[in-house]
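# Close look at the chain arrangement
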Amino acid sequence: MVTAIAMGVMFTMVLMAMSDSFANMQNLMAFIDIPSAQIVIFSTIAGGFASYPLKRMMGLPSVIMKILAADKGDPTATIKLLVEFAEKARKEGILALEGNVARVTDDFLKRGIQLAVDGTDPGLIRDILKTDISGIESRHEENASLLEYLAALAPAMGMIGTFVGLVLMLGQMSDISTLGPNMAIAVLTSVYGALMANCLFNPMARILKAKSKGEILIKNIMVEGIMSIQAGDNPRIVEQKLAACLDPMSRIKAIKKR
């Protein structure tokens with residue numbers, strides 16, 4: 001939600017500058033040119049399809065929706081849940097956690113706890129979960145790379161559109177009255193390309209990287225928690241070990257008041 005609002009504010013500030021704080025909508029209309037927008041938007045999207053697998057491009061809308069959505073993961077809540085599991089496993093044995101698996105909403109954590117309850121070798125559990133994490137990181141990196149590529153491509157397509165407009169303008173040099181309007185239209189493609197890159201694709205790529213980092217942190221906390229629970233560590237040790245993965249302020253929040 002915050003991401004969507006921030007991006008909306010960026011576009012609003014640009015629109016206000018274009019229309020003189022919305023006081024003169026005629027100024028804003030001067031920045032609207034459908035052919036220029038078509039050149040930038042469709043050429044950028046086509047460039048993405050030409051450079052990345054179809055599946056990756058078709059999944060881009062879903063990626064964008066996840067970027068704009070609020071963060072679901074909370075490392076402190078994850079630590080508290082794992083400590084609860086550690087306390088129950090310490091008192092009743094790890095098999096007692098089987099009844100708790102159903103209420104775990106995170107598929108990654110659910111799979112890890114189930115493997116531990118089933119008595120799977122600790123090394124194998126770690127390998128399985130770490131492989132899963134590597135796959136998540138790889139997908140996020142590919143999606144971020146795609147967004148960064150589109151961010152670089154949009155201004156380039158805008159510049160090509162500008163050159164096309166300039167060629168058309170120079171072909172009508174005999175009519176001096178058309179030079180100003182034609183020049184304005186030619187420059188608009190570069191404006192559209194810059195807007196798409198700096199107010200859309202680049203911010204989303206950086207947000208995706210930040211969200212990916214937070215998700216991977218939570219997944220690694222889950223792995224260490226599951227390993228500690230299976231090893232029968234004291235819940236207090238589990239709590240301290242997992243809290244050490246957080247920054248100082250989050251660490252204070254994560255550790256229980258005893």
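Going by the structure above, here's the rest.
Overview of the structure. In this numbering scheme, every chain counts its residues from 1 along its sequence in written order. Local features in this predicted model are restricted to residues of pLDDT 70 or higher, and side-chain atom pairs are both shown and tallied only at a pLDDT of 80 or more, whereas totals for entire chains, interfaces and linings draw on every residue. The side-chain quantities take in all heavy atoms of the structure and omit both hydrogens and water.

### Points about the overall build of the protein
A run of DSSP states H or I qualifies as a helix once it reaches four residues; a run of E qualifies as a strand once it reaches two. Both are numbered from the N-terminal end. When its secondary structure is counted, the protein shows 11 helices and zero strands. Secondary structure of the protein in N-to-C order comes out as α-α-α-α-α-α-α-α-α-α-α. Burial classes: relative accessible area under 20% of the type maximum marks a residue as buried, over 50% as exposed, and values in between as partly exposed (1.4 Å probe, protein chains only). Per-residue burial for the protein yields a buried fraction of 36% across its 258 residues. Here the analysis covers contacts within the protein between residues at least 6 apart in sequence; of these, 73% occur between residues at least 24 apart. We call two residues in contact whenever any of their non-hydrogen atoms come within 4.5 Å of each other.

### What about helix α10 (residues 235-243)?
Within the sequence span of α10, burial applies to Pro235, Val238, Glu239, Leu242 and Ala243. One side of α10 carries all its buried residues, which in axial view fall inside an arc of 120°. Capping the start of α10, Asn234 holds a side-chain oxygen 2.8 Å from the backbone nitrogen of Arg236, two or three residues further along. This arc describes the spread of directions from the helix axis toward the C-beta atoms. Here a polar contact is taken to be a pair of N or O atoms separated by no more than 3.5 Å, where protein atoms must pair a possible hydrogen donor with a possible acceptor and residues adjacent in sequence count only if both atoms sit in side chains.

### Description of the pattern of salt bridges
For this document, the term salt bridge refers to a Lys or Arg side-chain nitrogen within 4 Å of an Asp or Glu carboxyl oxygen. As enumerated under the stated definition, the model contains nine salt bridges in all. For Glu148, the salt bridge identified is with Lys209, shortest N-O distance 2.6 Å. Separated by 61 residues along the polypeptide, Glu148 in helix α8 (residues 122-170) and Lys209 in helix α9 (residues 179-231) bring together distant segments of the chain. Glu148 sits in the partly exposed class, given a relative accessible area of 30%. Linked by salt bridges that have partners in common, Asp106, Glu215 and Lys219 make up one network.

### Points about a nonpolar patch on the surface
Patch criteria: residues need more than 30% relative accessible area and no salt bridge. Like-charged residues are merged within 9 Å; nonpolar side chains of Val, Leu, Ile, Met, Phe, Trp and Tyr are merged within 5 Å. Here the Shrake-Rupley method, with its probe set to 1.4 Å, supplies the accessible areas, and only the displayed protein chains count as covering residues. Judged by side-chain polarity, Ile41, Phe42, Ile45, Phe49, Leu54 and Met58 come together as a nonpolar surface patch covering roughly 610 Å² of accessible area. Breaking the nonpolar patch down by element, the ones donating at least two residues are α3 (34-51) and α4 (54-58). With four residues, α3 is the single largest residue contributor to the nonpolar patch. On the secondary structure map, Met58 appears in helix α4.

### Brief notes about the environment of Glu87
Along the polypeptide, Glu87 turns up in helix α6 (residues 75-92). Taking the relative accessible area as the measure of exposure, Glu87 reaches 23% and is therefore partly exposed. C-alpha separation for the pair Glu87 and Pro235, spaced 148 residues apart in sequence, amounts to 5.5 Å.

### Topic: the nonpolar core
Counting residues in hydrophobic clusters, the biggest one holds 30 residues, and the most contacted among them are Leu97, Leu109, Ile113, Ile125, Ile226 and Ile229. Elements that contribute at least two residues to this core include exactly α6, α7 (107-117), α8, α9 and α10. Top contributing element to this core by residue count: α9, with eight residues. Residues within four places of Leu97 in sequence aside, it is in contact with Phe85, Lys88, Ala89, Ile113, Val117 and Ile229. The next biggest cluster of nonpolar side chains, apart from the first, holds 22 residues, and it includes Leu146, Ala154, Met196 and Ile207. Buried Ala, Val, Leu, Ile, Met, Phe, Trp, Tyr and Cys residues form a nonpolar core when they are joined through side-chain atoms within 4.5 Å.

### Considerations on the packing of α7 against α8
All axes here are fitted lines through C-alpha atoms, helices being fitted over the stretch that makes contact, and every angle between N-to-C directions spans 0 to 180 degrees. At a minimum axis separation of 10 Å, α7 and α8 run at an interaxial angle of 170°. One finds that α7 runs roughly antiparallel with respect to α8. Touching Phe108, Arg111, Gly112, Leu115 and Ala116 of α7 are Ile125, Ile128, Leu129, Asp132 and Ile133, all from α8. Here the nonpolar group is Ala, Val, Leu, Ile, Met, Phe, Trp, Tyr, Cys and Pro; Asp, Glu, Lys and Arg are the charged ones; every other residue, Gly included, is treated as polar. A per-class count over the contact of α7 with α8 returns seven nonpolar, one polar and two charged. Angle categories: roughly parallel below 35 degrees, roughly antiparallel above 145, roughly perpendicular from 65 to 115, and oblique for all the rest.

### Some details on α3
Note on helix geometry: an α-helix contains 3.6 residues per turn, so any two residues three or four positions apart are oriented the same way. Here the expected span of a helix is defined as 1.5 Å times the quantity of residues minus one. An ideal rise of 1.5 Å per residue puts 26 Å on 18 residues; α3 measures up with 25 Å between its terminal C-alpha atoms. Ser36, Ala37, Val40, Thr44, Gly47 and Gly48 are the residues of α3 that are buried. Down the axis of α3, the sector holding all buried residues measures 120°, keeping them to one side. Every exposed residue of α3 that faces more than 90 degrees away from the buried side is listed here: Ile34, Phe42 and Ala50.

### A word on the packing of α6 against α10
Look at α6 against α10: their axes get within 9 Å of each other, and the N-to-C directions meet at 155°. It follows that α6 is roughly antiparallel to α10 by the angle criterion. The chirality of how α6 crosses α10 is right-handed. Residues Ile79, Leu82, Val83, Ala86, Glu87 and Arg90 of α6 touch α10, and the partners they reach there are Pro235, Val238, Glu239, Leu242 and Ala243. Helix crossings fall into two classes, left-handed where the near helix is turned counterclockwise from the far one by less than a right angle and right-handed where it is turned clockwise.

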